[in-house]
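# Understanding the architecture of this molecule
Below, each chain spelled out in residue letters.
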Amino acid sequence: CLAHLWGGRKLAAGSKSVWPGHSGFLQLAGVDKAVRAACSESAARLRVRVKTTRPAAACIGFLAASLVPPVVFLSLAEPERAGGAFEIFGAFLGLLFFSVVIVVLFGVPAFLLFVRLGIVRWWSTLGAGAGFGAVLGFLLRAPNPPETNDIFTMAGAGGGAALVFWLVWEGLSASRGEGLNK
């Protein structure tokens, strides 16, 4: 399937590329119905079928999102200050606690608002997570002036956590045909 989508087939005469100037890449207009059906069948076989409800998918997404900031912050730590495995695990648990609190205080209300408005999309969750992260990075050193590095690090961690949430939530919701982006 990928060979056909990435240039294994030429465009039909007179049809236009999805991305003009990129001959062969995702030129779905030239792919015949049999190839499209084969691609969708193989994608359906690869898709994991998990029986979850939308609230359960949201809870799993929030748990997955809570794991992102501790991993980001520990990966940015200086190796000589990190200590041994026991200290790293303790730091992970401490960061995880605060990450769960932040997700519950900011992520859950934002998600419920986005569901109410019907705008649970990757860009809205990414923007909300990065925005909340930037605000927390700004407040991190209060009352002293904030450092730019703190703001960008927290915004990246928040945006990454929000994107992980959306990927898990949308993936589990879509496996039941309940995703909002259908």
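Heads up: the structure comes first, above all this text.
Residues numbered from 1 in each chain as written. Predicted model: local features only at pLDDT ≥ 70, side-chain atom pairs only at ≥ 80, totals over all residues. Heavy atoms only, no water.

Turning next to the pattern of salt bridges. Per the counting criterion, the structure on display carries 2 salt bridges. Close ionic contact of Glu 147 with Arg 141 constitutes a salt bridge, the shortest N to O distance being 3.7 Å. For Asp 150, the salt bridge goes to Arg 141, with nearest N and O atoms at 2.4 Å. On the basis of relative accessibility, which here comes to 12%, the residue Asp 150 falls in the buried class. When salt bridges with common partners are traced through the structure, they connect Arg 141, Glu 147 and Asp 150 into a single cluster. (Salt bridge = Lys/Arg side-chain N within 4 Å of Asp/Glu carboxyl O. Buried < 20%, exposed > 50% of the residue type's maximum accessible area, 1.4 Å probe, protein only.)

With that settled, the discussion passes to a nonpolar patch on the surface. A cluster of nonpolar side chains, Phe 97, Phe 98, Val 101 and Leu 105, forms an exposed patch at the surface whose accessible area comes to about 420 Å². Among the structural elements, Val 101 can be located in helix α5 (residues 85-117). (Patch = residues over 30% accessible without salt bridge, like charges linked within 9 Å, V, L, I, M, F, W, Y side chains within 5 Å. Areas by Shrake-Rupley, 256 points an atom, 1.4 Å probe, with all protein chains shown as cover. Helix = DSSP H or I, 4+ residues; strand = E, 2+ residues; numbered from the N terminus.)

This part covers helix α3 (residues 54-75). If you check α3, its first and last C-alpha atoms are 32 Å apart, about what 22 residues at 1.5 Å a residue would give, namely 32 Å. Buried residues of α3: Ala 57, Ala 58, Gly 61, Phe 62, Ala 64, Ala 65, Ser 66, Val 68, Pro 69 and Pro 70, and no others. Structurally, α3 contributes buried residues whose contacts are with α5 and α7 (148-174). (Expected span 1.5 Å × (residues − 1). Contact = heavy atoms within 4.5 Å.)

The next point concerns the packing of aromatic side chains. Taken as a whole and assessed by the stated rule, the structure comprises 6 aromatic pairs. A ring pair is formed by Phe 111 and Trp 169, whose centres lie 5.4 Å apart and whose planes are at 75°; its orientation type is edge-to-face. Here the residue Phe 111 occupies a position in helix α5, and Trp 169 occupies one in helix α7, the gap between them amounting to 58 residues. Assigned by exposure class, Phe 111 and Trp 169 land together as buried. Three or more aromatic residues link up through ring pairs in this structure, and these residues are Phe 62, Phe 111, Phe 165 and Trp 169. (Phe/Tyr/Trp six-rings, centres within 6.5 Å; stacked < 30°, edge-to-face > 60°.)

Among the structural elements, Asp 150 can be located in helix α7. When neighbours within four sequence positions are excluded, Asp 150 is seen to be in contact with Gly 137, Leu 140 and Arg 141.

Bringing the environment of Ser 99 into the picture now. Turning to its location among the elements, Ser 99 is positioned in helix α5. With 31 residues separating them along the chain, Ser 99 and Val 68 place their C-alpha atoms 8.5 Å apart. For Ser 99, the residues in contact, after removing those within four places along its chain, are Ala 65, Ser 66, Pro 69 and Pro 70.

As a further point, take the nonpolar core. Nonpolar side chains in soluble globular proteins generally cluster together in the buried interior. Core analysis: the largest hydrophobic core is formed by 15 residues, its most contacted members being Ala 58, Phe 62, Phe 111, Val 120, Phe 165 and Trp 169. Look past the residues within four positions of Ala 58 in its chain and what remains in contact with it is Phe 111, Phe 165 and Trp 169. (Core = buried A, V, L, I, M, F, W, Y, C linked by side-chain atoms within 4.5 Å.)

Further remarks concern the packing of α3 against α7. The interhelical angle for the contact between α3 and α7, taken along N-to-C directions, is 150°, at an axis separation of 8 Å. Considering the angle they form, α3 stands roughly antiparallel to α7. The two elements α3 and α7 meet at a crossing, and its hand is right-handed. Between α3 and α7, the residues in contact are Arg 54, Ala 57, Ala 58, Ile 60, Gly 61, Phe 62, Ala 64, Ala 65, Val 68, Pro 69, Val 72 and Phe 73 and Thr 153, Met 154, Ala 157, Gly 160, Ala 161, Val 164, Phe 165, Val 168, Trp 169, Leu 172 and Ser 173, respectively. (Axes fitted to C-alpha atoms, helices over the stretch in contact; angles between N-to-C directions. Parallel < 35°, antiparallel > 145°, perpendicular 65-115°, else oblique. Left-handed = near helix turned anticlockwise from the far one by under 90°.)

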